Every structure is written in C-alpha cells, then in structure tokens.
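Residue-level listing of the chains:
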Amino acid sequence: MTTCAVVALGGNALTAEDQDGTWEQIADNAREMATPLGRLVADGWQLAVVHGNGPQVGALALQQDAARMQVPAQPLHQLCAMTQGQLGSILVRALDAACGADVAVAVVTHVRVDPGDPAFAAPSKPIGPFLDEQQSHELVSQTGWSVVEDSGRGFRRVVASPLPVAIVELRAISTLLNAGHVVVAAGGGGGAVGDDITTGVDAVIDKDHAAAMLATQLGARELYLVTGVDCVLLDFGTPTQRPAHELTPEQAERHLSDGQFPPGSMGPKIAAALAFLRAGGRRAVITSPRMLASAAAGHAKAGTSIRDADLVVHVSEQAS
C-alpha cells in the first residue's frame, strides 16, 4: 500500500440541480472542490481525482441531437471523451490554484467493460437535465432514447452503465502520481471500450465504481466518495434517522441488502466502497466536500468510514 488516495466527485458537484451548467458555474464549483483537495495534498497524500459527468454528458447529447441536421452527431463514447477534456481542464486549473502551478494534470482515460454486461439490456444511469412529462415524451419520440422518472424530481434520459473491468491508462496515471502530480483520471467513469480497447462502447460508467477500480489497481490506501451529505444516514427520512460514522464491511453489506441505500442515491457508493475493500483497500469514506479534510485526518464524526473491525477505533450508529 502507498499513501495514495482516490477521490470521486459527483457530476452534480460541478453542476448543481438548480444550475444551468454554464462555464462560470462549473468553474466556481470546481474552485470550491479544489480547496479541500488541496488540503489533502498539503498533508502528503498522493492524489487521483475522478469526477462524474452525468449532467454534463446528457446536456452535450441534447446539443448534439439538436444540431444533427447541420453537423454529424457524435456517439455517446465520444461525448464522454469530450466531457473528460472539458471538466478535466476546469478541474486542473482549479487544482493548480489550490496546490501550486503545474501540479495537476488530466488524463483522458479509457475503461474496459464487458460487452456481455447485463447493464446493456437495462439502461439505468440518469444523464442530463430533468424534464417534465411532455418534454420526456417529445424526447423519446424524436430520438428513441430511454427516459424514466427520477425520484419524483422529473424525467431523465437513462443509458447503459456497465461495471468497469480495467483502467487502460493505468501505467501512465501511476507514473504521473509518482512524479508528484495530482491526476484527474477516469472522468465520468472513463470512456467505455470493449475487450480490444480500440472500440468505443456507448455507455456511461458509474464514477464511484470507476474510482474503486482505479484505487484498487493503483494500490491506493483509501477511497473517498464525495457526495451532498456529510455522512451516511440510516433509516433516512424516518423518525429513527441517524448518522453512521463508522461501519464494518459486514454492517454496510447488511444495510445494503436491507434496502437502506437506494440504487439511485447511496447504493452505488456503498457497493463501490465494498468492492474496494474486498480487493484489499484499507478504508473507504463517504462524506461531503466540507468534511473531506477532517475525514482524511481521521476525525471520529467526519463522514462515514467503512473498514474492517480490527481497524475501527470507534463505531457509532447512534443518533447524535
């Protein structure tokens, strides 16, 4: 194990639900995210950053479709590459401002997936903006895309989201980390490719699973999954809601099986954390941007730490 950590940032961290996704908004959000990341670098962590791209790649797909009579629309795997360049550029500038010039670098990353993954037969990854019912019907009739209602907030396009199998540019990412760079990699989960790694695959890989795979293949010690809440909440939305600041993998697995963590929200983060720990990772942390540095420093009630029982100093699943 090294002092390497992988941090996964959601696409919603760069374009909030109440925002239009302008360049200025994304840049402002990136600067806010870069501050706690800079603290980790100052504390001596070797840092790889994975970002989501759900809102951005969906918006880009709408632009491509709207202009298809003037210019050829590009396939989804190319849109993923475009968002890696766009968001990677913005994050690199923000990270350099927080960590020092010429520290951060972005790698357009390809991630191998299994063409036989059942996810291709059941699109489930929401991308793009929320639509009302009439807009969703119009989109389906015009494009043939799959659209579903998303958690009572409106309708969104859904695409295939297969599990990652391997990071193609792993050696380059590792070389850059060892040279002292903060590396933005596997953005948007990476560009999906098939077994021969030269053929693009239309899919959007879940960024938490891609981050877990990257962390495993790098031999990272810790995985940080940054989200909109300070920590995992058990019995969310009920009178018995309570924070869980420390969980063993067995406890997290049990809560996941019991339906505590829905597939559209906390579920993928818990599953990615468990995959990382099963593969030899030391600790997985789920927390918000504002609590990230404190969680990395090991503060007891900063975020939710998932690790083996013999590494747990204090376990708290009681109401604060």
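Residues numbered from 1 in each chain as written. Predicted model: local features only at pLDDT ≥ 70, side-chain atom pairs only at ≥ 80, totals over all residues. Heavy atoms only, no water.

A few points about the packing of aromatic side chains
Test applied: Pairing of aromatic rings covers Phe, Tyr and Trp, the last through its six-membered ring, and needs centres within 6.5 Å; plane angles under 30 degrees mean stacked, over 60 mean edge-to-face, and all others mean tilted. Over a ring means this: the NZ of a Lys or the CZ of an Arg is within 6 Å of the ring centre and within 35 degrees of the ring normal.
Per the stated rule, a full pass over the model turns up zero aromatic pairs. The ring of Phe 130 has Arg 156 lying over it, and the distance from NZ or CZ to the ring centre is 4.8 Å. In this structure, Arg 157 is placed above the aromatic ring of Trp 145, and the distance from its NZ or CZ to the ring centre is 3.8 Å.

Quick word on the sheet that holds strand E10 (residues 191–193)
For the record, the criterion: Following DSSP output, two strands are said to pair if at least two bridges run between them. Put simply, DSSP marks the helices as runs of H or I at least four residues long and the strands as runs of E at least two long, and each gets a number from the N terminus on. Only the stretch in contact is used when a helix axis is fitted, and all axes are lines through C-alpha atoms; the angle between N-to-C directions ranges over 0 to 180 degrees.
The strand order across the open sheet formed by three strands is E8-E4-E10, and the pairing between neighbours is mixed. Looking at which strands have only one partner, the edges of the open sheet turn out to be strand E8 (164–167) and E10. With strand direction ignored, the average angle separating the axes of adjacent strands in the sheet is 40°. Summarising the sheet, strand E4 (residues 110–113) and E8 pair through three bridges and their orientation is antiparallel. Of the residues in E8, the one forming a bridge with Arg 112 is Ala 166.

Re the sheet that holds strand E7 (residues 155–159)
We apply this condition: We call two residues in contact whenever any of their non-hydrogen atoms come within 4.5 Å of each other.
The three strands are arranged E5-E7-E6 in an open sheet whose pairing can be described as antiparallel. Each edge of the sheet is formed by a strand with only one pairing partner; in this case those strands are strand E5 (125–131) and strand E6 (146–149). Across the sheet, the mean angle from the axis of one strand to that of its neighbour is 35°, orientation sign disregarded. As paired strands, E6 and E7 are joined by four bridges and run antiparallel to one another. Bridging across to E7, Glu 149 finds its partner in Phe 155. Those strands touched by helix H3 (residues 54–66) are E5 and E7, and its axis lies near 65° from that of E5.

Brief notes about helix H2 (residues 23–42)
The test is simple: The span you would expect from a helix comes to 1.5 Å times its residue count less one. The cut-offs for exposure are 20% and 50% of the maximum accessible area for each residue type, with area from a 1.4 Å probe on protein chains only; residues under the lower value are buried, those over the upper are exposed, and the others partly exposed.
Helix length check: H2 (20 residues) gives 28 Å between terminal C-alpha atoms against 28 Å at 1.5 Å per residue, within 8%. Among all positions in H2, only Ile 26, Ala 27, Asn 29, Ala 30, Met 33, Ala 34, Pro 36, Leu 37, Gly 38 and Leu 40 are buried. Residue Gly 44 follows H2 closely and has a positive phi angle near 100°.

Concerning the nonpolar core
What counts here: The criterion is simple. A nonpolar core is a set of buried Ala, Val, Leu, Ile, Met, Phe, Trp, Tyr and Cys residues joined through side-chain atoms within 4.5 Å.
By size, the foremost hydrophobic cluster in this structure holds 45 residues, and its most contacted members are Val 6, Ile 173, Leu 214, Leu 218, Leu 223, Ile 270 and Ile 306. Sort the elements by how many residues they give to this core and helix H7 (residues 207–218) lands first, with seven residues. Discounting chain neighbours no more than four positions away, the residues touching Ile 306 are Leu 247, Thr 248, Pro 249, Ala 252, Ile 270, Ala 273, Leu 277, Arg 282, Arg 283, Ala 284 and Ile 286. If you look at the next biggest cluster of nonpolar residues, it comprises 33 residues, including Val 7, Ala 34, Ala 296 and Ala 302.

Remarks on helix H9 (residues 267–278)
The first and last C-alpha atoms of H9 sit 17 Å apart over 12 residues, in line with the 16 Å expected at 1.5 Å per residue. Buried residues of H9: Gly 267, Pro 268, Lys 269, Ile 270, Ala 272, Ala 273, Leu 274, Phe 276 and Leu 277, and no others. On its buried face, H9 sits against H7, strand E11 (222–226), strand E12 (232–234), helix H8 (249–257), strand E15 (283–287) and strand E16 (304–306). Looking one or two residues beyond H9, the residue adopting positive phi is Gly 280, at roughly 115°.

Quick look at the side chain of Ser 305
Our working rule: Counted as a polar contact is a pair of N or O atoms within 3.5 Å, where, for protein atoms, one must be capable of donating a hydrogen and the other of accepting one, and residues adjacent in sequence contribute only when both atoms are in side chains.
Mapping Ser 305 onto the fold places it in strand E16. The exposure class assigned to Ser 305 is buried, which follows from its relative accessible area of 3%. Side chain to side chain, Ser 305 and Arg 283 meet in a polar contact 2.8 Å long. Among residues more than four places away in sequence, those in contact with Ser 305 are His 245, Glu 246, Leu 247, Arg 283, Ala 284 and Val 285.

Function-wise, these values are silent; they only describe arrangement.
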